[in-house]
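A look at the structure
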Amino acid sequence: MRIPVMPALAVLGVTSLLLAMLAPLGTATLPAAGRLLFWAALVLGNAWKWRQWFGRVPLLLPASRAALPVLFVGGVAVLGGLLPLEYGFLALLSGLKPALPWERLGAAVLLAAIAVALVIVIVRRLAARQDPPVARSDQAV
């Protein structure tokens, strides 16, 4: 499924503008342009990450409906876990002083990534066990 580029960019732009106007998570102290840049980087960066996730991870999974929970739950676990780290990094670049438990966040993201990788390996092995690869001949049918 292809998402049209212009409507997607419009939604991401409006989302960034809305977040900049609402100024959540302590970003109200930033000037308006800095707030807009902060939220645009966070929103567009996450849209890019999800696009990469859905473009690359399905290639690692067997072609079955059983892979969908791995794709969605794994994405939320890994990419959602990275969000506080990205916020903290952008906040530090912007001059804000976020009080985040960096060690715990890093450990949580690492554990989530290991768990997702383990589940992907298990799903692939189970799929290979159920549907062993068929030996193909070099002859055209």
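Our structure's up above, just so we're on the same page.
What comes next is a walk through the structure. (Residues numbered from 1 in each chain as written. Predicted model: local features only at pLDDT ≥ 70, side-chain atom pairs only at ≥ 80, totals over all residues. Heavy atoms only, no water.)

**Notes on the nonpolar core**
Applicable threshold: As used here, the term nonpolar core means buried Ala, Val, Leu, Ile, Met, Phe, Trp, Tyr and Cys residues forming a set that is joined through side-chain atoms within 4.5 Å. For every residue, the accessible area obtained with a 1.4 Å probe (protein chains only) is divided by the maximum for its type, and the residue is called buried under 20%, exposed over 50%, and partly exposed between those limits. By definition, any uninterrupted DSSP run of H or I lasting at least four residues is a helix, any uninterrupted run of E lasting at least two residues is a strand, and each is numbered from the N terminus. Residue contacts follow a heavy-atom distance rule, with two residues in contact if any of their heavy atoms lie within 4.5 Å.
Listed in full, the 11 residues of the largest apolar core are Trp53, Val57, Leu61, Ala67, Val70, Leu71, Val78, Leu79, Val116, Ile120 and Val123. By residue number, the principal contributor to this core is helix H3 (residues 67–94), which donates five residues. In this structure Leu79 touches Asn46, Lys49, Trp50, Trp53 and Gly74, once residues within four positions along its chain are discounted. Counting nine residues, the second largest nonpolar core, distinct from the first, contains Phe38, Trp39, Leu90 and Ala91.

**Side note on the side chain of Asn46**
On the secondary structure map, Asn46 appears in helix H2 (residues 32–56). Owing to a relative accessible area of 12%, Asn46 belongs among the buried residues under this scheme. Apart from the residues lying within four places of it in its own chain, the contact partners of Asn46 are Leu79, Leu83 and Glu86.

**Structural notes on the environment of Arg125**
Among the structural elements, Arg125 can be located in helix H4 (residues 102–130). According to the relative accessible area criterion, Arg125 is exposed, its value standing at 60%. Between the C-alpha atom of Arg125 and that of Gly74, which follows or precedes it by 51 residues, the distance is 17 Å.

**Focus on H2**
Within an α-helix, residues lying three or four positions from one another point in the same direction, as the helix has 3.6 residues per turn. Defined as follows: Take the number of residues in a helix, subtract one, and multiply by 1.5 Å to get its expected span.
The first and last C-alpha atoms of H2 sit 36 Å apart over 25 residues, in line with the 36 Å expected at 1.5 Å per residue. Where H2 is concerned, the buried positions are Arg35, Phe38, Trp39, Ala40, Leu42, Val43, Asn46, Lys49 and Trp53. Of the surrounding secondary structure, the elements contacted by the buried residues of H2 are helix H1 (5–22), H3 and H4.

**Here's the deal with the packing of H3 against H4**
Which entries qualify depends on this criterion: To obtain an axis, a line is fitted to C-alpha atoms, over the contacting stretch when the element is a helix, and the angle between two such axes runs from 0 to 180 degrees between their N-to-C directions. An angle counts as roughly parallel when it lies under 35 degrees, as roughly antiparallel when it exceeds 145, as roughly perpendicular when it falls between 65 and 115, and as oblique in every other case. Handedness of a helix crossing follows the sense of rotation of the near helix relative to the far helix, less than a right angle counterclockwise being left-handed and clockwise being right-handed. Under the scheme applied here, ten amino acids are nonpolar (Ala, Val, Leu, Ile, Met, Phe, Trp, Tyr, Cys and Pro), four are charged (Asp, Glu, Lys and Arg), and all others, including Gly, are polar.
Running from N to C, H3 and H4 cross one another at 160°; their axes reach a closest spacing of 9 Å. Between H3 and H4, the interaxial angle falls into the category roughly antiparallel. In this structure, H3 meets H4 at a crossing whose hand is left-handed. Residues Val70, Gly74, Ala77, Val78, Gly81, Leu82, Pro84, Leu85, Gly88, Phe89 and Leu92 of H3 form the contact with H4, whose own contacting residues are Trp102, Leu105, Gly106, Val109, Ala112, Ala113, Val116, Val119, Ile120 and Val123. Here the residues of the contact of H3 with H4 sort into 17 nonpolar, four polar and no charged.

**What about the pattern of salt bridges?**
What counts here: Think of a salt bridge as a Lys or Arg side-chain nitrogen and an Asp or Glu carboxyl oxygen that are within 4 Å of each other.
Counted according to the given criterion, the structure contains one salt bridge. The partner of Glu86 in a salt bridge is Lys49, and the shortest N-O contact between them spans 2.5 Å. Taken together, the residues Glu86 in helix H3 and Lys49 in helix H2 connect sequence positions 37 residues apart. For Glu86, a relative accessible area of 21% translates into the label partly exposed. Since its relative accessible area comes to 11%, Lys49 is described here as buried.

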